[in-house]
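Architecture at a glance
What follows is each chain in one-letter form.
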Amino acid sequence: MHRISEIAEALGLAFEGDGDLRVSGVAEPAGCPPDKLAMALKPEFAAGLAQGEARAAMMWAGADWSEYGLAAAILAPRPRFAMAGLSALMDPGQGLGGGISDKASVDPSATLGQDVSVGAFTVIAPGAQIGDGTVIGPQCWIGPDAVLGAGSLLHAGVRIGARVRIGQRFIAQPGVVVGGDGFSFVTPEVSGVERARQSLGDQGEVAEQSWARIHSLGAVEIGDDVEIGANSCVDRGTVRDTRIGEGTKLDNLVQVGHNVIVGRHCLLCAQVGVAGSSTIGDHTVLGGQTGVGDNLRIGSNVITGGATKVLANVPDGRVMLGYPAMKMDTHIEAYKNLRRLPRLFRDVARLRKTVSNSGESD
Amino acid sequence: MHRISEIAEALGLAFEGDGDLRVSGVAEPAGCPPDKLAMALKPEFAAGLAQGEARAAMMWAGADWSEYGLAAAILAPRPRFAMAGLSALMDPGQGLGGGISDKASVDPSATLGQDVSVGAFTVIAPGAQIGDGTVIGPQCWIGPDAVLGAGSLLHAGVRIGARVRIGQRFIAQPGVVVGGDGFSFVTPEVSGVERARQSLGDQGEVAEQSWARIHSLGAVEIGDDVEIGANSCVDRGTVRDTRIGEGTKLDNLVQVGHNVIVGRHCLLCAQVGVAGSSTIGDHTVLGGQTGVGDNLRIGSNVITGGATKVLANVPDGRVMLGYPAMKMDTHIEAYKNLRRLPRLFRDVARLRKTVSNSGESD
Amino acid sequence: MHRISEIAEALGLAFEGDGDLRVSGVAEPAGCPPDKLAMALKPEFAAGLAQGEARAAMMWAGADWSEYGLAAAILAPRPRFAMAGLSALMDPGQGLGGGISDKASVDPSATLGQDVSVGAFTVIAPGAQIGDGTVIGPQCWIGPDAVLGAGSLLHAGVRIGARVRIGQRFIAQPGVVVGGDGFSFVTPEVSGVERARQSLGDQGEVAEQSWARIHSLGAVEIGDDVEIGANSCVDRGTVRDTRIGEGTKLDNLVQVGHNVIVGRHCLLCAQVGVAGSSTIGDHTVLGGQTGVGDNLRIGSNVITGGATKVLANVPDGRVMLGYPAMKMDTHIEAYKNLRRLPRLFRDVARLRKTVSNSGESD
């Protein structure tokens with residue numbers, strides 16, 4: 001149970017009303033029981049308070065909380081941001097941690113910092129280095145000579161490949177794979193794909209060839225405060241490391257190919273794919289299912305809408321949408337026009353008839 | 001070996017011919033050996049019987065089986081539906097089950113029902129509850145206080161997060177993650193993404209900001225008779241639970257974001273992604289690689305074709321296709337028109353020339 | 001440390017300069033330390049040599065290496081292909097192998113060839129057969145009666161289902177799932193989806209129905225020299241096996257549905273999805289995020305650009321792009337035209353005004 005006054009203090013926010021009221025968690029306003037804090041972050045959510053039994057709520061600055069029948073409110077100038085601190089305070093977690101399981105397999109040559117936890121059936125390979133306070137869940141694999149910074153959290157079944165280097169406070173959801181081999185294959189002679197890319201569509205004479213594997217000699221380097229979502233994959237580089245900058249967050253089922261460089265404080269939403277050797281600047285947000293072709297440069301502060309397919313470089317600050325990716329306003333206009341085409345076809349047909357009827361020679 | 005008469009009886013179907021004939025499995029008609037049941041479910045499949053050695057077949061009601069040189073046939077009014085029962089009868093399974101492995105790690109505070117199996121290297125955390133007859137494969141992780149209903153089957157490497165609640169007869173293919181954290185991050189000040197969404201493309205002045213994590217305090221609630229495909233992910237909710245209704249099936253590599261509500265008896269085909277806080281009605285079918293943006297409402301009985309990208313609400317009963325999603329017939333018409341554009345450009349150019357030649361002032 | 005002359009000999013290439021020079025690995029030209037071999041594979045890369053300290057480089061045939069201040073060079077007629085052999089020579093690997101872990105669970109009825117390695121917490125089920133020299137990493141699961149050819153390498157957490165048969169020199173990155181169940185469900189009565197497919201958009205009267213599961217009685221058959229990327233999935237077939245031909249490579253997060261047949265020497269790039277019962281010829285390359293609908297035939301030597309969505313059959317040798325997939329040149333033309341539509345609308349509006357002003361009757 002948390003006292004309203006204590007929550008407000010922990011978050012650096014003001015409260016009004018009965019600061020001694022206690023809550024055991026949070027709830028949506030409409031179904032909120034009396035012992036939870038209602039998340040009435042904006043007026044349309046607050047409308048739900050009438051259906052619930054909340055006695056206290058988190059609300060926007062200036063909200064007239066007493067009007068909603070509450071006994072107390074915590075008031076936040078940017079309630080969505082206040083949720084970050086509040087949710088960290090309230091999170092009961094997934095029960096990971098608690099020391100080094102006797103069912104783990106930790107190589108004696110691995111270096112574990114202070115207060116490291118290692119879950120059951122996890123393997124830590126020779127030469128791996130784990131920073132202070134890091135919690136590694138069950139069934140993980142940390143490859144040879146991998147480095148994992150302090151204060152990190154690996155959920156169940158995370159795989160970190162050999163020689164990967166990761167900064168502090170890293171979070172990996174279940175099933176993450178960092179440092180699998182890049183997808184890099186080459187034919188003995190020039191392939192149809194190479195020719196089709198040069199000619200934009202003509203692959204020329206096609207020869208029977210098989211693919212030789214180019215091994216990935218680089219690793220992956222990840223900055224501080226990065227998070228990677230469930231079952232996402234970051235491949236190792238071919239010659240140098242694949243890189244992900246500090247503060248960048250990847251959602252679930254994201255693919256980052258070999259040699260890719262993702263800058264700082266980016267968001268890559270679910271099912272995004274970035275093909276080999278492309279670079280992404282800082283503070284860029286790629287919407288869910290966005291695809292980025294190989295060897296492209298995406299600038300900083302770029303935003304792509306859901307499922308944008310980027311087939312060419314994108315300068316800084318652009319907001320993109322569509323397949324192929326266009327500036328968002330161009331895209332919206334283009335598709336409005338696409339829907340208006342039937343009318344245009346009719347108009348032109350009518351014009352041709354009119355002009356033809358008017359007896360003009362062609 | 002199964003007798004034809006017994007198979008027919010088990011499926012509630014009629015057979016004709018020699019009911020004592022025995023088969024050890026099923027096969028496609030063209031390569032069918034004499035001891036298998038040929039799946040000649042429609043006339044074009046039955047044509048293959050001549051190349052095979054089948055002595056018995058599953059066929060459509062009214063099929064003239066003797067004409068195909070068979071000794072027996074099971075006749076089904078809807079043969080594809082009969083496949084459901086037949087395949088259940090014939091499935092040798094994946095060898096899971098067989099009691100609680102001494103290589104598993106089951107917390108003493110977990111509650112296991114009657115006849116529960118737990119595979120090697122599986123972890124069951126404190127407070128988890130497993131229903132009667134449920135089979136948990138090897139290398140799974142069941143988080144603290146998770147509830148898994150009776151008669152369920154988890155294949156290898158499935159992760160069920162803390163406090164997730166799942167109904168009866170749940171099936172999870174290998175690598176499924178239910179209850180990873182939602183992808184929810186917020187900047188201290190209003191971000192470019194927030195502005196671009198409001199203005200449809202203009203993100204305004206861009207400030208250097210980093211992302212604060214909003215923890216997922218909700219869990220996931222899954223109804224009875226749900227199946228989830230290999231390496232698919234269902235994230236926990238932010239305040240309330242993410243929900244999947246009874247009878248709904250998810251294919252492989254599907255992403256269901258935080259707070260999403262999927263109704264009853266839906267199909268989400270492979271690589272579908274549903275972004276945070278969207279809702280999907282009942283009996284809706286999303287084709288492979290469909291994307292649904294965040295905070296949208298997709299109705300009941302909606303069908304989306306492959307790779308449909310849904311950027312706006314969809315009312316009940318709609319059949320959609322394309323990116324952006326349009327009604328299927330509108331989409332087909334629009335793309336026909338797109339291909340006809342070169343001719344339209346030529347027509348208009350010719351008209352302009354004609355009209356200009358005709359001496360009219362512009 | 002490798003001598004330049006020895007590397008050249010191992011690769012069957014010529015070297016020039018000081019063959020006794022030794023290198024410990026490879027690096028990009030611009031950041032290359034003196035003890036690494038710079039990958040100056042083409043003139044634009046070689047320009048970086050001036051910023052680095054390389055003393056030796058891999059270069060194209062005929063390169064004037066001494067001009068770049070190098071002491072030695074290995075010259076390759078097709079440097080990208082030479083990378084295959086060079087990278088294999090230099091790869092330190094992921095530390096897998098080293099015998100059968102006493103923390104693995106290997107059923108006594110499984111057959112292991114000579115020099116097989118099995119990692120910690122791996123389960124090998126009854127009747128499985130593992131070929132000579134195969135290395136199985138930690139936390140893998142090999143199902144009952146599965147067959148895995150000689151010289152294969154499974155990274156951590158790979159799952160191979162029951163009765164799956166795989167050829168020699170197979171490589172699976174972490175988290176691969178081969179032989180999960182197909183996504184095959186059927187309603188008792190004709191469903192809206194079946195009707196919508198026939199009518200191209202009209203699902204008719206919608207009845208409340210639930211989905212019955214069709215079990216996958218087939219397995220998966222994979223040829224020699226196949227590689228599958230991290231967290232990719234290949235489903236088992238319904239009646240016969242799903243098949244992947246020799247030499248074919250799948251990238252990360254790829255989905256291959258039930259009954260699919262992929263030919264020989266294909267590349268399926270990251271996040272590709274191929275829906276049930278489709279077939280793909282030989283030497284076909286599907287770009288990242290390509291989707292292939294169910295029951296389609298994609299020919300041999302087909303190339304699809306990134307995110308191509310294939311909704312109809314594709315003949316041999318085609319280069320495709322877009323959604324819906326078009327021939328690449330048609331697609332490029334169509335989208336140029338889409339962007340030119342605003343001008344066309346203006347032109348037509350002006351023409352209508354002109355023609356109308358000219359007094360012609362409509």
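Think of each chain on its own: its residues are numbered from 1, step by step along the sequence as written. Just so you know, chain letters begin at A and ligand numbers begin at 1, following the order they were written in. Totals for whole chains, interfaces and linings use every residue, but because this is a predicted model, local features are given only for residues with pLDDT of at least 70 and side-chain atom pairs only at 80 or more, for both listing and counting. Only hydrogens and water are set aside; all other atoms, that is, all heavy atoms of the structure, feed into the side-chain values.

**What to know about the overall build of chain A**
When helices and strands are tallied, chain A shows 5 helices and 39 strands. Radius of gyration here uses only the C-alpha atoms, and the compact-globule reference equals 2.2 Å multiplied by the residue count raised to the power 0.38. Taken over the C-alpha trace, chain A has a radius of gyration of 27 Å; the compact-globule value for 362 residues is 21 Å, which it surpasses by more than 25%. Each of the three principal axes of chain A carries a C-alpha extent, and together these read 90 × 65 × 30 Å. Contacts in chain A between residues far apart in sequence, at least 24 positions, make up 19% of those at least 6 positions apart. Roughly 13300 Å² of accessible area belongs to chain A as shown, and the carbon and sulfur atoms make up 47% of that amount. Under the counting rule used here, the positive set is Lys and Arg, the negative set is Asp and Glu, and His together with the chain ends is not counted. In plain terms, the charge of a residue is placed at NZ if it is Lys, CZ if Arg, CG if Asp and CD if Glu. Between the mean site of the 32 positive side-chain charges and the mean site of the 39 negative ones, chain A shows a separation of 7 Å. Each helix is a run of DSSP H or I of at least 4 residues and each strand a run of E of at least 2, with the numbering of both proceeding from the N terminus. For this analysis, residues touch if any pair of their heavy atoms sits within 4.5 Å. The Shrake-Rupley method, run with a 1.4 Å probe, gives the accessible areas here. Residue values count only the displayed protein chains as cover.

**With respect to the UniProt feature "active site" (unreviewed entry) in chain A**
Residue and element names in this part refer to chain A. In this numbering, the UniProt entry assigns the feature "active site" (unreviewed entry) to His258. Here His258 is to be found in the loop between β28 (255-256) and β29 (261-262). Every residue in contact with His258, bar those within four places of it in the chain, is listed here: Gly182, Phe183, Ser184, Asp235, Arg236, Gly237, Thr238, Thr242, Gly276 and Ser277. UniProt positions are given in the numbering used here, feature names are shortened, and annotations may be inferred rather than shown by experiment.

**Here's the deal with the packing of aromatic side chains**
Stacked, edge-to-face and tilted labels apply to pairs of Phe, Tyr and Trp rings (six-membered ring for Trp) whose centres lie within 6.5 Å, assigned for plane angles under 30 degrees, over 60, and everything in between, in that order. A complete count under the given rule lists 6 aromatic pairs over all chains for this structure. Ring centres of Phe121 of chain A and Phe121 of chain B lie 5.4 Å apart, and the angle between their planes is 70 degrees; on these two criteria the pair is classed as edge-to-face. Placement of the pair is Phe121 of chain A in the loop between β10 (117-118) and β11 (123-124) and Phe121 of chain B in the loop between β10 (117-118) and β11 (123-124), with the two residues belonging to separate chains. Here the term buried applies to any residue with accessible area under 20% of the maximum for its type, exposed to any over 50%, and partly exposed to those in between, with areas from a 1.4 Å probe on protein chains only. Given the relative accessible area of 4%, Phe121 of chain A is considered buried. Ring centres 5.1 Å apart and planes at 75 degrees place the aromatic pair Phe183 of chain C and Phe185 of chain C in the edge-to-face group. Phe185 of chain C matches Phe183 of chain C in its accessibility class, with the two residues each being buried. Between Arg340 of chain B and the ring centre of Phe345 of chain A, over which it is positioned, the NZ or CZ distance is 4.2 Å. Geometrically, a lysine NZ or arginine CZ counts as sitting over a ring once it is within 6 Å of the ring centre and also within 35 degrees of the ring normal.

**A closer look at the sheet that holds strand β13 (residues 135-136) of chain B**
Residues and elements named next belong to chain B. Note on pairing: two strands pair once DSSP finds at least 2 bridges between them. Pairing is mixed across the open sheet formed by 11 strands, whose spatial order is β10-β13-β16-β19-β24-β27-β30-β33-β36-β38-β39. Looking at strand neighbours, the two that pair on one side only are β10 and β39 (326-327), the edges of this open sheet. Of the pairings in the sheet, the one linking strand β36 (residues 303-304) to strand β38 (residues 319-321) comprises 2 bridges and is parallel in character. In the strand pairing of β38, Thr304 is matched with Met320.

**Points about the confidence of the model for chain A**
Note: predicted coordinates in regions of low pLDDT should not be interpreted at a detailed level. Along the chain, pLDDT gives the predictor's confidence residue by residue, from 0 to 100. Of all residues in chain A, 99% attain a pLDDT of 70 or more, and the chain-wide mean is 95. Across the interfaces of the predicted complex, the ipTM metric reaches 0.96, alongside a pTM of 0.97.

**Here we look at the pattern of salt bridges**
A pair can form between side chains of opposite charge whenever their charged atoms are brought close. What counts as a salt bridge is simple: a side-chain nitrogen of Lys or Arg found within 4 Å of a carboxyl oxygen of Asp or Glu. The full count for this structure, using the stated rule, is 39 salt bridges over all chains. Between Arg352 of chain A and Asp347 of chain B there is a salt bridge, with its nearest N and O atoms 3.1 Å apart. Residue Arg352 of chain A is found in helix α5 (residues 328-357), and its partner Asp347 of chain B is found in helix α5 (residues 328-357); the two belong to separate chains. In this structure, Arg165 of chain B engages Asp241 of chain B in a salt bridge whose closest nitrogen and oxygen atoms are separated by 3.1 Å. Note that Arg165 of chain B is positioned in strand β18 (residues 165-166) and Asp241 of chain B in the loop between β25 (233-235) and β26 (242-244), a separation of 76 residues in sequence. The partly exposed category is assigned to Arg165 of chain B, whose relative accessible area is 36%. Sharing partners across several salt bridges, the network here consists of Arg3, Glu6 and Asp20 of chain A.

**As for the relation of the copies chain A and chain C**
Take chain A, turn it by 120 degrees, move it 0.0 Å along the axis, and it overlays chain C with an RMSD of 0.0 Å. Such a turn and shift between the copies fits a three-fold axis. Comparing interface residues between copies, only 19% of those in chain A also lie at the interface in chain C; the contact surfaces differ. Least squares is the method used to superpose the copies, on C-alpha atoms of residues holding a pLDDT of at least 70 in both.

**Some details on the relation of the copies chain B and chain A**
The two copies are related by a screw motion: chain B maps onto chain A through a turn of 120 degrees and a shift of 0.0 Å along the axis, at an RMSD of 0.0 Å. A share of only 19% of interface residues in chain B that are also interface residues in chain A marks the association as one of differing surfaces.

**Concerning the side chain of Arg159 of chain C**
Summarising the element assignment, Arg159 of chain C is placed in strand β17 (residues 159-160). In this structure, Arg159 of chain C is buried with no salt-bridge partner, the nearest side chain bearing the opposite charge being Asp235 of chain C at 13 Å. Engagement of the side chain of Arg159 of chain C in a polar contact is seen with the backbone oxygen of Gln139 of chain C, the distance being 3.2 Å. Those residues within four positions of Arg159 of chain C in sequence are excluded, and the remaining contacts are Arg159 of chain A, Gln139, Ala156, Gly157, Arg159 and Pro174 of chain B together with Gln139, Trp141, Val176, Val177 and Val178 of chain C. Side-chain atoms alone can form a polar contact between residues adjacent in sequence; in general such a contact is a pair of N or O atoms within 3.5 Å, and within protein one must be able to donate a hydrogen while the other accepts it.

**Here we look at the interface of chain A and chain C**
Contacts between the two partners involve 83 residues from chain A, matched on the other side by 78 residues from chain C. Joining two parts hides part of their accessible area as seen by a 1.4 Å probe, and the buried area is that hidden amount summed over both. Across the chain A/chain C interface, buried area totals approximately 6300 Å², and carbon plus sulfur atoms make up 63% of it. Considering only the surface of chain A that becomes buried against chain C, Phe183, Trp211 and Tyr323 of chain A emerge as the three largest contributors, covering 12% of it. Scanning the region where chain A abuts chain C turns up 4 salt bridges. Two residues, Arg213 of chain A and Glu227 of chain C, come together in a salt bridge whose shortest N-O distance is 2.6 Å. Inspection of the region where chain A meets chain C yields 36 residue pairs in polar contact (both at pLDDT 80 or more). For the side of chain A that touches chain C, the elements supplying multiple residues, two or more each, are β20 (177-180), β21 (185-186), α4 (192-199), β22 (212-213), β25 (233-235) and α5 of chain A. The element that contributes the greatest number of residues to the side of chain A that touches chain C is α5 of chain A, accounting for 14 residues.

**Some points on the packing of helix α1 (residues 4-11) of chain C against helix α3 (residues 79-90) of chain C**
All names here are of chain C. Contact pair α1 / α3: the axes reach a minimum separation of 10 Å and the direction vectors enclose 120 degrees. The angle between the axes of α1 and α3 places the two elements in the oblique class. Of the two elements, α1 crosses α3, and the hand of that crossing is right-handed. Facing α1, whose interface residues are Ile7, Ala10 and Leu11, α3 presents Ala82, Gly85, Leu86, Leu89 and Met90. Here an axis means a line fitted to C-alpha atoms, over the contact stretch when the element is a helix, while the angle between two N-to-C directions is reported on a 0 to 180 degree scale. Note on angle classes: values under 35 degrees are labelled roughly parallel, values over 145 roughly antiparallel, values of 65 to 115 roughly perpendicular, and the remainder oblique. The hand of a helix crossing depends on one turn: near helix anticlockwise from the far one by less than a right angle means left-handed, and clockwise means right-handed.

**With respect to the interface of chain B and chain A**
With 83 residues of chain B in contact, the opposing surface of chain A contributes 78 residues. A buried area of about 6300 Å², summed over both sides, lies between chain B and chain A, and 63% of it is on carbon and sulfur atoms. Inspection of the chain B/chain A interface yields 4 salt bridges. Applying the counting rule to chain B against chain A returns 36 residue pairs in polar contact (both at pLDDT 80 or more).

**Here's the deal with the sheet that holds strand β5 (residues 37-39) of chain B**
Residue and element names in this part refer to chain B. Pairing in this open sheet of 5 strands is mixed, and the strands run β2-β7-β6-β5-β4 from one edge to the other. Of all strands in the sheet, those with a lone pairing partner are β2 (14-17) and β4 (26-27), marking the two edges. Alignment of strand β6 (residues 56-60) against strand β7 (residues 72-76), held across 5 bridges, turns out to be parallel. Residue pairing in the sheet places Ala57 in a bridge with Ala73 of β7.

**Some remarks on unusual backbone geometry**
Cis geometry marks the peptide bond from Tyr323 of chain B to Pro324 of chain B; its omega dihedral reads -5 degrees. The residue Pro324 of chain B is located in the loop between β38 and β39 in this model. Phi angles above zero are rare outside glycine, and Asp115 of chain A is one such case at about 55 degrees. With respect to the helices and strands, Asp115 of chain A occurs in the loop between β9 (111-112) and β10. Looking at Asp115 of chain A, the relative accessible area reads 67%, which means it is exposed. The phi angle at Asp145 of chain C is positive, at roughly 60 degrees, despite the residue not being glycine.

**Details of the side chain of Ser184 of chain C**
Checked against the element boundaries, Ser184 of chain C lands in the loop between β20 (177-180) and β21 (185-186). Residue class for Ser184 of chain C comes out buried when judged on its relative accessible area of 5%. Once you skip the residues sitting within four places of it in the chain, Ser184 of chain C turns out to touch Arg80 of chain B together with Ala212, Arg213, Ile214, Thr238 and His258 of chain C.

**Looking at the pairing of β20 of chain C**
All names here are of chain C. Sheet topology note: the β17/β20 ladder contains 2 bridges and is parallel. Bridge pairing in β20 places Ile160 opposite Val178. Pairing of β20 with strand β25 (residues 233-235) involves 3 bridges; the strand directions are parallel. The partner of Val177 across the bridge, within β25, is Cys233.

**A look at the packing of α5 of chain A against helix α5 (residues 328-357) of chain C**
Running from N to C, α5 of chain A and α5 of chain C point in directions that differ by 40 degrees, and their axes come no closer than 9 Å. What the angle tells us is that α5 of chain A and α5 of chain C run oblique. Where α5 of chain A crosses over α5 of chain C, the two elements pack in a sense that is left-handed. In terms of residue class, the contact of α5 of chain A with α5 of chain C is built from 17 nonpolar, 2 polar and 4 charged. Each residue receives one of three labels: charged for Asp, Glu, Lys and Arg, nonpolar for Ala, Val, Leu, Ile, Met, Phe, Trp, Tyr, Cys and Pro, and polar for the others, Gly being one of them.

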